[in-house]
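# Understanding the architecture of this molecule
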Amino acid sequence: MLRYSAVRTKLSARSIRTSALSLLLLIVAVPQLHGQTGSRGAEDPYLARAERILSTTPLIDGHNDLPWRIREDSIARGNVDAYDLRKRMPGHTDLDRLKKGMVGAQFWSVYTPGEYRDSGYARVQLEQIDIARRVIAKYPDRLALALSTSDIRRDFKQGKIGSLLGLEGGHAIEHSLGALRAYYDLGVRYMTLTHNVTLDWADAALDSARHNGLTPFGDSVVREMNRLGMLVDLAHVSPATMSAALNVSRAPVIFSHSGARALVDVPRNVPDSILRRVTANGGIVMVPFVTGFVSPAVFSYDQSTRPLITDLRAKYGNDTAAITREIKQWRAGHPEPRATLSQVADQIEYVRKVAGVDHVGIGSDFDGITEVVQGLEDVSKFPDLFAELARRGWSDSDLRKLAGENFLRVFAEAETVAKRLQQSENR
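Turning next to the overall build of the protein. Within the protein, the secondary structure is distributed over 16 helices and nine strands. In the protein, buried positions account for 60% of the 427 residues. Working note: accessible area of the protein is about 16,300 Å², and carbon and sulfur atoms make up 51% of it.

Have a look at this one:
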């Protein structure tokens, strides 16, 4: 869930030539594979390669905020039945676009704001898990709850999108390892240690640093996640917390939706020093489609709006309608630069250069962003990104790693670590 720029934050919360025969075979064969028409690929050999690869290797997206989108939708607020994914929906995600985008498995973020101090994080967290699981259950012909690497592979073979839950923000465990275990039992397979708020046990990237990373309790959270087989997600945490978690974790870590800080100096992006440690750890950095994380021009634009936001908050207080109105007026006179698909590809290539091709993936953040990357407007556009990388010289093998093989390796290694730790406890 993007919560970086106040302007884009909700104030309420892509030459190998293919012979004519090969193209004909692709056009005929691809529709029989993982939900793809092959029509656009017939016009572009690089797109044809991308579609062929994604028809046989699951594209695993590390972060989609559809459950929160449903919760906040102005018409179907929190109503899973009314928010019908069989139709074209107002956000970035629905079933037809997921099929066109050749998504093979999806982490649905069960995000809970760290600012909900008055109602109890656990209650909201359980509601978000409930929304996500009800969405998955509503479309059994298209989605399937996935709890393991074997589930993802099984669901992909059956033409379904393996659907996993990613808990965004360790505040939701309310300082309880018991709650952490309960969330795992409900299907959560990664937890982002923080969101944008520094916790009593972990520093966030966008808040004050109080612990120089993790406290002893934070260490115990990471160790328990390793024992359970829950992936440790370091998106949103401070560099010191990244480093501390890498010191403690016995399993590979993930960054479910973070870019390279060397290209865009956003606190949420990953420094080179950490990218190199991800290589040693065996983890993965899943590059997002967040405009301010991938485009230096957009980031600079965001920075220029901060004084405006501060002034408007001082002027209007909690009158979000008035603040929104004035921001829209200001933006009309100050057009925002556009982030591009090519810049996302640059981010992916940079992570590959520093961390290695075995340590990069995709974490879109669709439905958690308000502004979209030009060329990556919704979940139907994933093949275009792979076509761009193919155009830049990526091999089929490396594109398969990016799509899902890297994540499957990371997840499988975390499962192996969990089994070992659980067995050692029983001795």
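Burial along strand E8 (residues 284-287) is two-sided: Ile-284 and Met-286 facing one way and Val-285 and Val-287 facing the other are all buried. In terms of strand pairing, strand E7 (residues 254-255) meets E8 through two bridges, oriented parallel. Looking at the pairing, Ile-254 lines up with Ile-284 of E8. For the segment spanning E7, helix H10 (residues 272-281) and E8, crossover handedness is right-handed.

Running from amino to carboxyl end, helix H2 (residues 45-56) crosses helix H15 (residues 382-391) at an angle of 120°, the nearest separation of the two axes being 8 Å. In terms of orientation, H2 and H15 fall into the oblique class. The two elements H2 and H15 cross, and the hand of that crossing is right-handed. On the side of H2, the interface is formed by Tyr-46, Leu-47, Arg-49, Ala-50 and Leu-54, while H15 contributes Pro-383, Asp-384, Phe-386, Ala-387, Ala-390 and Arg-391. Partitioning the contact of H2 with H15 into residue classes produces eight nonpolar, no polar and three charged.

On inspection of all chains with the given rule, the structure shows nine aromatic pairs. Look at Phe-107 and Phe-407: their rings are 5.4 Å apart centre to centre, the planes differ by 80°, and that puts the pair in the edge-to-face class. Of this pair, Phe-107 sits in strand E2 (residues 103-111) while Phe-407 sits in helix H16 (residues 396-425), placing them 300 residues apart in sequence. One exposure class covers both Phe-107 and Phe-407, and it is buried. Ring geometry for Phe-289 and Phe-382: centres 5.7 Å apart, planes at 50°, overall tilted. Here Phe-289 is found in the loop between E8 and helix H11 (291-294), whereas its partner Phe-382 is found in helix H15, with 93 residues between them in sequence. Across from the ring centre of Tyr-184, 3.7 Å away, lies the NZ or CZ of Arg-189, which sits over that ring.

This paragraph deals with the pattern of salt bridges. Under the counting rule described, the total for this entry stands at 27 salt bridges. A salt bridge links Arg-69 to Asp-73; its shortest N-O distance comes to 3.8 Å. Assessed through its relative accessible area of 8%, Asp-73 is described here as buried. Salt-bridge contacts for Asp-94 lead to Arg-97; the nearest nitrogen and oxygen are separated by 2.7 Å. Accessibility assignment for this pair places Asp-94 and Arg-97 in one class, buried.

The topology assignment puts Thr-93 in the loop between helix H3 (66-72) and helix H4 (95-100). Here Asn-64 takes part through its side chain, which lies 3.0 Å from a polar atom of the side chain of Thr-93. Here Thr-93 is in contact with Asn-64, Leu-66, Leu-85, Leu-98, Trp-108, Phe-366, Asp-367 and Val-379, once residues within four sequence places are set aside.

Moving on, we come to the packing of helix H7 (residues 177-185) against helix H8 (residues 216-228). Running from N to C, H7 and H8 point in directions that differ by 30°, and their axes come no closer than 11 Å. Judged by the angle between their axes, H7 and H8 are roughly parallel. Considering only the axes of H7 and H8, their crossing is right-handed. Contacts from Leu-177, Leu-180, Arg-181 and Tyr-184 of H7 reach H8 at Phe-217, Ser-220, Val-221, Glu-224, Met-225, Arg-227 and Leu-228. Considering only residue class, the contact of H7 with H8 consists of seven nonpolar, one polar and three charged.

Right, let's talk about H10 for a bit. Along H10, the positions that sit buried rather than exposed are Ile-274, Leu-275, Val-278 and Asn-281. Across the axial projection of H10, the buried residues extend over an arc of 115°, all falling on one side. Summarising the contacts, the buried residues of H10 are in contact with helix H9 (239-248), E7, E8 and helix H14 (341-355).

Moving on, we get to the environment of Asp-94. Examined against the element boundaries, Asp-94 turns out to sit in the loop between H3 and H4. Residue classification places Asp-94 among the buried residues on the basis of a relative accessible area of 2%. The contact partners of Asp-94, leaving out residues within four places of it in the chain, are Leu-85, Lys-87, Arg-88, Met-89 and Val-379.

Moving on, we get to the environment of Asp-367. Tracing the backbone shows Asp-367 in the loop between strand E9 (360-362) and H15. Each C-alpha atom of the pair Asp-367 and Asp-65 lies 4.9 Å from the other, and the pair is 302 residues apart in sequence.

As a further point, take unusual backbone geometry. Of note, the phi angle at Met-102 is positive, near 60°, even though the residue is not glycine. On the secondary structure map, Met-102 appears in the loop between H4 and E2. Its identity as a non-glycine residue notwithstanding, Glu-174 has a phi of 50°, on the positive side. Positionally, Glu-174 belongs in the loop between strand E4 (161-168) and H7. Residue classification places Glu-174 among the partly exposed residues on the basis of a relative accessible area of 39%.

Parameters and conventions
- Residues numbered from 1 in each chain as written.
- Predicted model: local features only at pLDDT ≥ 70, side-chain atom pairs only at ≥ 80, totals over all residues.
- Heavy atoms only, no water.
- Helix = DSSP H or I, 4+ residues; strand = E, 2+ residues; numbered from the N terminus.
- Buried < 20%, exposed > 50% of the residue type's maximum accessible area, 1.4 Å probe, protein only.
- Areas by Shrake-Rupley, 256 points an atom, 1.4 Å probe, with all protein chains shown as cover.
- Pairing = 2+ DSSP bridges.
- Right-handed = clockwise from strand over helix to strand, strands pointing away.
- Axes fitted to C-alpha atoms, helices over the stretch in contact; angles between N-to-C directions.
- Parallel < 35°, antiparallel > 145°, perpendicular 65-115°, else oblique.
- Left-handed = near helix turned anticlockwise from the far one by under 90°.
- Contact = heavy atoms within 4.5 Å.
- Nonpolar A, V, L, I, M, F, W, Y, C, P; charged D, E, K, R; others polar.
- Phe/Tyr/Trp six-rings, centres within 6.5 Å; stacked < 30°, edge-to-face > 60°.
- Lys NZ or Arg CZ within 6 Å of the ring centre and 35° of its normal.
- Salt bridge = Lys/Arg side-chain N within 4 Å of Asp/Glu carboxyl O.
- Polar contact = N/O pair within 3.5 Å; in protein donor to acceptor, adjacent residues only side chain to side chain.
- Arc of directions from axis to C-beta.

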